[in-house]
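Tertiary structure, described
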Amino acid sequence: MGHRNLVILTGAGISAESGVPTFRADDGLWMGHRIADVATPEGFARDPARVQAFYNDRRRQLPTVHPNAAHQALADLAARWDGAILLVTQNVDDLHDRAHAAIPPRPGFGLIHMHGELLKAACTVTGRVCDWPGDLAADEPSPHHPQGRLRPHIVWFGEMPLQMDRIETALDRCDLFVSIGTSGAVFPAAGFVQLARQAGARTVELNLEPTQGARLFDEGHYGPATEVVPAFVQSLTR
Ligand code: OAD
């Protein structure tokens, strides 16, 4: 196999064939929405009803979508891989979680939702996070603090992505970095390939088409995630 320590970064493209819209496509999620309105703390302070409705719609969609062959291939890899794998997803859906629940990973595996999770909510006062499978009201009371409200557990623009220390430690020791279905438009995730290169890792991009940062990768395999991800995983475990 040659590699032991993997960091795999995923973005909206891995869930696209499951029916979850990406962000920056012509018919993507940001079309018809201003990021400042629905994905910033200021937007939430201005109009909590609008922001809760935006994420309520996306949360309601989750029971109608299912992990696809790309999520499945990564779950199969995690169940067999004899080294460490940190799977870092920018996605707030639960499709990776469901794929890995169906086929339990080996002990060296970790999954981080660096931009948060749709199925969780956070207290505006304490920051405490709880499971939240249903809708959130505009002024949903927090069970954790009398003055608190619940907000979606989503990292908005201007906020710090989650578990960055753990991610940077894994990048520092990885020997293979794979970026799947992400445009590389949003930092810090867009900078992970550089950190992996500095660590001496082989870097691979899997996407529908080469991204703007494609030249930063040692190699790229292009096509739908449900085809290129299983093929790449097979090449790793042959
Ligand atoms: P984007 O919408 O920016 O990019 C989606 C990527 O997926 C593009 O590079 C497409 O070419 C690729 N793609 C689309 N369909 C695909 C398919 N079937 N197979 C393989 N690749 C495909 O989404 P992200 O890069 O995930 O952040 O966006 C990053 C962050 O920007 C999101 O997490 C979100 C957004 O603002 C927050 O909300 C904090």
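Refer to the structure printed above.
Anyway, here's the lowdown on the structure attached to this text. The numbers attached to residues start from 1 for each chain and follow its sequence in the written order. Local features in this predicted model are restricted to residues of pLDDT 70 or higher, and side-chain atom pairs are both shown and tallied only at a pLDDT of 80 or more, whereas totals for entire chains, interfaces and linings draw on every residue. Excluded from the side-chain calculations are hydrogens and water; all other atoms, namely the structure's heavy atoms, are used.

Considerations on the packing of helix α5 (residues 69–80) against helix α9 (residues 225–237)
- Contact geometry of α5 with α9 gives a least axis separation of 7 Å together with a crossing angle of 20°. With respect to α9, the element α5 is oriented roughly parallel. Remark: the crossing between α5 and α9 carries left-handed chirality. Two secondary-structure elements touch here, α5 through A69, A70, A73, L74, L77 and R80 and α9 through A225, T226, V229, P230, V233, L236 and T237.
- For the contact of α5 with α9, a count of residues per class yields 10 nonpolar, 2 polar and 1 charged. Here, axes are lines fitted to C-alpha atoms. For helices the fit covers the stretch in contact, and angles between N-to-C directions go from 0 to 180 degrees. Under the scheme used here, helices are H or I runs from DSSP no shorter than 4 residues and strands are E runs no shorter than 2 residues, and both carry numbers assigned from the N terminus. Any angle that is under 35 degrees is reported as roughly parallel, and any over 145 degrees as roughly antiparallel; angles of 65 to 115 degrees are reported as roughly perpendicular and all others as oblique. In this scheme, a crossing is called left-handed if the near helix is turned counterclockwise away from the far one by less than a right angle; it is called right-handed if the turn is clockwise. Any two residues having at least one pair of non-hydrogen atoms within 4.5 Å are treated as being in contact. All residues other than Ala, Val, Leu, Ile, Met, Phe, Trp, Tyr, Cys, Pro, Asp, Glu, Lys and Arg, Gly among them, are scored as polar; the first ten of these are nonpolar and the last four charged.

Points about the sheet that holds strand β6 (residues 150–154)
- The sheet built from 3 strands is open, its strands ordered β5-β4-β6 with antiparallel pairing. Pairing within the sheet leaves two strands with one partner each, and these edge strands are β5 (129–131) and β6. Direction aside, the axes of adjacent strands within the sheet are offset by 45° on average.
- At least two bridges found by DSSP between two strands are what make those strands a pair. Alignment of strand β4 (residues 116–123) against β5, held across 3 bridges, turns out to be antiparallel. Counted as the bridge partner of A122 is V129 from β5.

Overview of the pairing of strand β3 (residues 109–113)
- In this scheme, a residue with accessible area under 20% of its type's maximum is buried, one over 50% is exposed, and one in between is partly exposed, where area comes from a 1.4 Å probe on protein chains only. Most of β3 is tucked away, with 4 of its 5 residues classed as buried.
- Pairing between strand β2 (residues 84–89) and β3: 5 bridges, direction parallel. Paired with L87 across the bridge in β3 is L111.
- At this point the chain moves from β2, through helix α6 (residues 95–102), to the parallel β3, and the crossover so formed is right-handed. Look down the strands so they point away from you; if going from the first strand over the helix to the second traces a clockwise path, that crossover is right-handed.

As far as function goes, none of this settles anything; it's purely spatial.
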